[in-house]
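Descriptive analysis of the structure
Each chain, written out:
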Amino acid sequence: MIIAIDGTLASGKGTLAKRLAVHFELPHMDTGALYRATGVAALRAGVALDDAQACAQLAGQLDLSEFEDSELRTAEAGQAASRVAALTPVREALFRLQRDFAFQPGGAVLDGRDIGTVVCPEADVKFWVDASVEERARRRCLELEAAGKPIAFDKMLSELRERDERDRNRATAPMKPAEDALMIDTTAMNPDRVMEVALAHIKDR
Ligand code: DC
């Protein structure tokens with residue numbers, strides 16, 4: 001079974017993906033980490049975040065073991081990720097990696113922005129996870145505070161709006177729900193409830 005989970009930043013899609021992977025004993029890929037690592041690699045190498053060919057080359061040579069998770073989770077890495085994710089050659093360089101992961105024997109859970117629409121339109125089950133931008137900013141602020149990198153709520157809110165805008169309006173693989181995805185609005189739901197809704201949908205299918 002291939003499960004595709006797409007949605008906005010801090011909507012709870014990653015938490016749902018991890019929980020479904022454990023529940024069904026499937027491997028999980030957080031595809032945002034690939035874009036984050038590409039962005040961080042570009043920052044490290046002093047490569048401009050709009051240099052499509054140089055960033056694609058970094059994406060093609062990516063070794064995730066060279067990146068600390070905490071380094072990938074910073075606001076700076078997120079901004080860089082959103083910029084390199086808008087470059088078509090970067091998306092092409094990461095496409096095969098994600099598709100091979102999805103089609104391994106037994107299946108997989110992948111979360112991102114374009115899994116159900118571009119990377120794996122054939123997925124057996126698709127979810128689109130979203131929440132109000134204020135609630136997502138609140139969650140992300142708490143996360144960054146816990147990681148010792150606090151950021152003001154208003155700054156987070158405007159960064160999220162900017163990122164949503166860029167992810168939604170890019171020419172290649174814009175962030176959008178697949179037509180056959182189940183929409184889950186997590187604004188007023190806790191992770192247990194989100195999991196219940198997702199499991200009920202998978203059972204139905
Ligand atoms: O989910 P995330 O915040 O870790 O994603 C980081 C950035 O990468 C985000 O701006 C959108 C982009 N991304 C993408 O374009 N396609 C994906 N499949 C996953 C992430």
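Residues numbered from 1 in each chain as written. Predicted model: local features only at pLDDT ≥ 70, side-chain atom pairs only at ≥ 80, totals over all residues. Heavy atoms only, no water.

**Let's talk about unusual backbone geometry**
For residues that are not glycine, phi is negative in most cases, and the peptide bond is trans in most cases. How we decide: In DSSP terms, a helix is any run of H or I states spanning at least four residues, a strand is any run of E spanning at least two, and both are numbered starting from the N terminus. For every residue, the accessible area obtained with a 1.4 Å probe (protein chains only) is divided by the maximum for its type, and the residue is called buried under 20%, exposed over 50%, and partly exposed between those limits.
Of note, Glu 25 is a non-glycine position whose phi angle comes to about 55 degrees, a positive value. Among the secondary structure elements, Glu 25 is positioned in the loop between α1 (13–24) and β2 (28–30). What makes Glu 25 exposed here is its relative accessible area of 74%. A positive phi angle, close to 45 degrees, is found at Ala 173, a residue other than glycine. For Ala 173, the location among the structural elements is in the loop between α9 (153–169) and β5 (182–185). Classification of Ala 173 as buried rests on a relative accessible area of 12%.

**Concerning the site of the ligand**
The test is simple: Throughout, near means a residue has at least one heavy atom within 4 Å of the molecule or strand. Under the rule applied, a polar contact is a pair of N or O atoms within 3.5 Å (in protein, one hydrogen donor and one hydrogen acceptor; residues adjacent in sequence only if both atoms are side-chain atoms). For the accessible areas, the method is Shrake-Rupley and the probe is 1.4 Å, while residue cover comes only from the protein chains on display.
Neighbouring the ligand are 16 residues, the closest being Leu 9, Arg 36, Arg 91, Arg 113 and Arg 170. One of the side-chain nitrogen or oxygen atoms of Asp 167 is found 3.1 Å away from an oxygen atom of the ligand. Contact distances for the ligand include 2.9 Å between an oxygen atom and a side-chain N or O atom of Arg 170. Contact with the protein chains removes 98% of the 450 Å² of surface that the ligand exposes when unbound. Counting only elements with at least two residues in the shell around the ligand, the list comes to α2 (31–45), α5 (75–84) and α9.

**Some points on the packing of α2 against helix α3 (residues 52–60)**
Defined as follows: Working convention: axes come from line fits to C-alpha atoms, limited for helices to the stretch in contact. Angles between N-to-C directions cover 0 to 180 degrees. Relative orientations are named as follows: roughly parallel for angles under 35 degrees, roughly antiparallel for angles over 145 degrees, roughly perpendicular for angles from 65 to 115 degrees, and oblique for any other angle. It is the rotation of the near helix from the far one that decides the hand of a crossing: anticlockwise by less than a right angle makes it left-handed, clockwise makes it right-handed. Any two residues whose heavy atoms approach within 4.5 Å at even a single point are treated as in contact. Only Asp, Glu, Lys and Arg are considered charged in this grouping, and only Ala, Val, Leu, Ile, Met, Phe, Trp, Tyr, Cys and Pro are considered nonpolar; every other residue, Gly among them, is considered polar.
Contact geometry for α2 and α3: axes closest at 9 Å, N-to-C directions at 120 degrees. Relative to α3, the element α2 is oriented oblique. Between α2 and α3 the crossing geometry is right-handed. Where α2 approaches α3, its residues Thr 38, Ala 41 and Ala 42 are matched on the opposing element by Cys 55, Leu 58 and Ala 59. For the contact of α2 with α3, the residue count by class is five nonpolar, one polar and no charged.

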